[in-house]
Amino acid sequence: MKEIENNELENIQGGSISPWAAVGLGALFVFLVGVYDGLTRPLACND
(Lines give C-alpha, C1' and ligand atoms only; values in the text may rest on other atoms or scores of the structure.)
Protein backbone atom coordinates (compact mmCIF):
# COMPACT_ATOMS: atom_id res chain seq x y z
CA MET A 1 0.00 0.00 0.00
CA LYS A 2 1.29 3.46 -0.90
CA GLU A 3 1.66 6.02 1.88
CA ILE A 4 0.19 9.40 0.99
CA GLU A 5 2.14 12.57 1.71
CA ASN A 6 0.57 15.56 3.49
CA ASN A 7 0.45 17.73 0.35
CA GLU A 8 -1.34 14.93 -1.53
CA LEU A 9 -3.91 14.65 1.29
CA GLU A 10 -4.68 18.37 1.02
CA ASN A 11 -5.40 18.05 -2.72
CA ILE A 12 -7.97 15.24 -2.44
CA GLN A 13 -11.41 16.49 -3.46
CA GLY A 14 -14.82 14.91 -3.56
CA GLY A 15 -17.60 13.71 -1.33
CA SER A 16 -18.82 17.14 -0.36
CA ILE A 17 -21.76 19.32 -1.32
CA SER A 18 -21.38 23.01 -2.07
CA PRO A 19 -23.07 25.45 0.30
CA TRP A 20 -25.27 26.81 -2.51
CA ALA A 21 -26.49 23.31 -3.36
CA ALA A 22 -27.39 22.74 0.29
CA VAL A 23 -29.31 26.04 0.39
CA GLY A 24 -31.10 25.14 -2.84
CA LEU A 25 -32.11 21.71 -1.57
CA GLY A 26 -33.34 23.24 1.68
CA ALA A 27 -35.39 25.84 -0.18
CA LEU A 28 -36.88 23.17 -2.44
CA PHE A 29 -37.82 21.07 0.58
CA VAL A 30 -39.51 24.02 2.33
CA PHE A 31 -41.40 24.91 -0.85
CA LEU A 32 -42.66 21.36 -1.33
CA VAL A 33 -43.76 21.14 2.30
CA GLY A 34 -45.67 24.40 1.83
CA VAL A 35 -47.40 23.12 -1.31
CA TYR A 36 -48.34 19.88 0.45
CA ASP A 37 -49.67 21.80 3.46
CA GLY A 38 -51.70 24.09 1.21
CA LEU A 39 -53.25 21.17 -0.64
CA THR A 40 -54.09 19.10 2.41
CA ARG A 41 -55.18 21.93 4.73
CA PRO A 42 -56.59 24.80 2.66
CA LEU A 43 -57.36 27.82 4.83
CA ALA A 44 -59.68 30.64 3.84
CA CYS A 45 -58.31 34.17 3.61
CA ASN A 46 -59.64 36.29 6.49
CA ASP A 47 -60.25 39.87 5.42
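This text gives an overview of the structure that appears in the document. Model, not experiment: these values are computed from the prediction.

A few words now on the overall build of the chain. Within the chain, the regular secondary structure consists of 2 helices and 0 strands. When burial is assessed residue by residue, the chain has 0% of its 47 residues classed as buried.

Applying the stated rule across the entire model yields 2 salt bridges. For Glu8, the salt bridge identified is with Lys2, shortest N-O distance 3.8 Å. One salt bridge connects Arg41 with Asp37, and the closest N-O pair in it is separated by 3.0 Å. A residue is classified by how much of its surface remains accessible, and Asp37, at 32% relative accessible area, is partly exposed.

Moving on to a nonpolar patch on the surface. Judged by side-chain polarity, Ile17, Leu25, Leu28, Phe31, Leu32, Val35 and Leu39 come together as a nonpolar surface patch covering roughly 730 Å² of accessible area. Note on placement: Phe31 falls in helix H2 (residues 19–40). Relative accessible area serves as the criterion here: at 54%, Phe31 is assigned to the exposed category.

What follows concerns the environment of Leu28. Secondary-structure assignment places Leu28 in helix H2. With relative accessibility at 46%, the residue Leu28 sits in the partly exposed group. Along the primary structure Leu28 and Gly38 are separated by 10 residues, whereas in three dimensions their C-alpha atoms are 15 Å apart.

What counts, and where the lines are drawn
- The numbering scheme is per chain: residues are counted from 1 as the chain's sequence reads.
- With the structure being a predicted model, the display of local features is reserved for residues of pLDDT at least 70 and the display and counting of side-chain atom pairs for 80 or more, all residues being used for whole-chain, interface and lining totals.
- Only hydrogens and water are set aside when side-chain values are computed; all heavy atoms of the structure are taken into account.
- A run of DSSP states H or I qualifies as a helix once it reaches four residues; a run of E qualifies as a strand once it reaches two. Both are numbered from the N-terminal end.
- Relative accessibility decides the category of a residue: with a 1.4 Å probe and only protein chains considered, values under 20% of the type maximum give buried, values over 50% give exposed, and everything between is partly exposed.
- Throughout this description, the term salt bridge denotes a Lys or Arg side-chain nitrogen within 4 Å of a carboxyl oxygen of Asp or Glu.
- Here a patch means residues that are over 30% exposed by relative accessible area and free of salt bridges, tied together within 9 Å if like-charged and within 5 Å if nonpolar (Val, Leu, Ile, Met, Phe, Trp, Tyr).
- Note that accessible areas follow from Shrake-Rupley with a 1.4 Å probe, and for residues the cover is restricted to the protein chains shown.

Taken by themselves, the reported measurements are silent on function.
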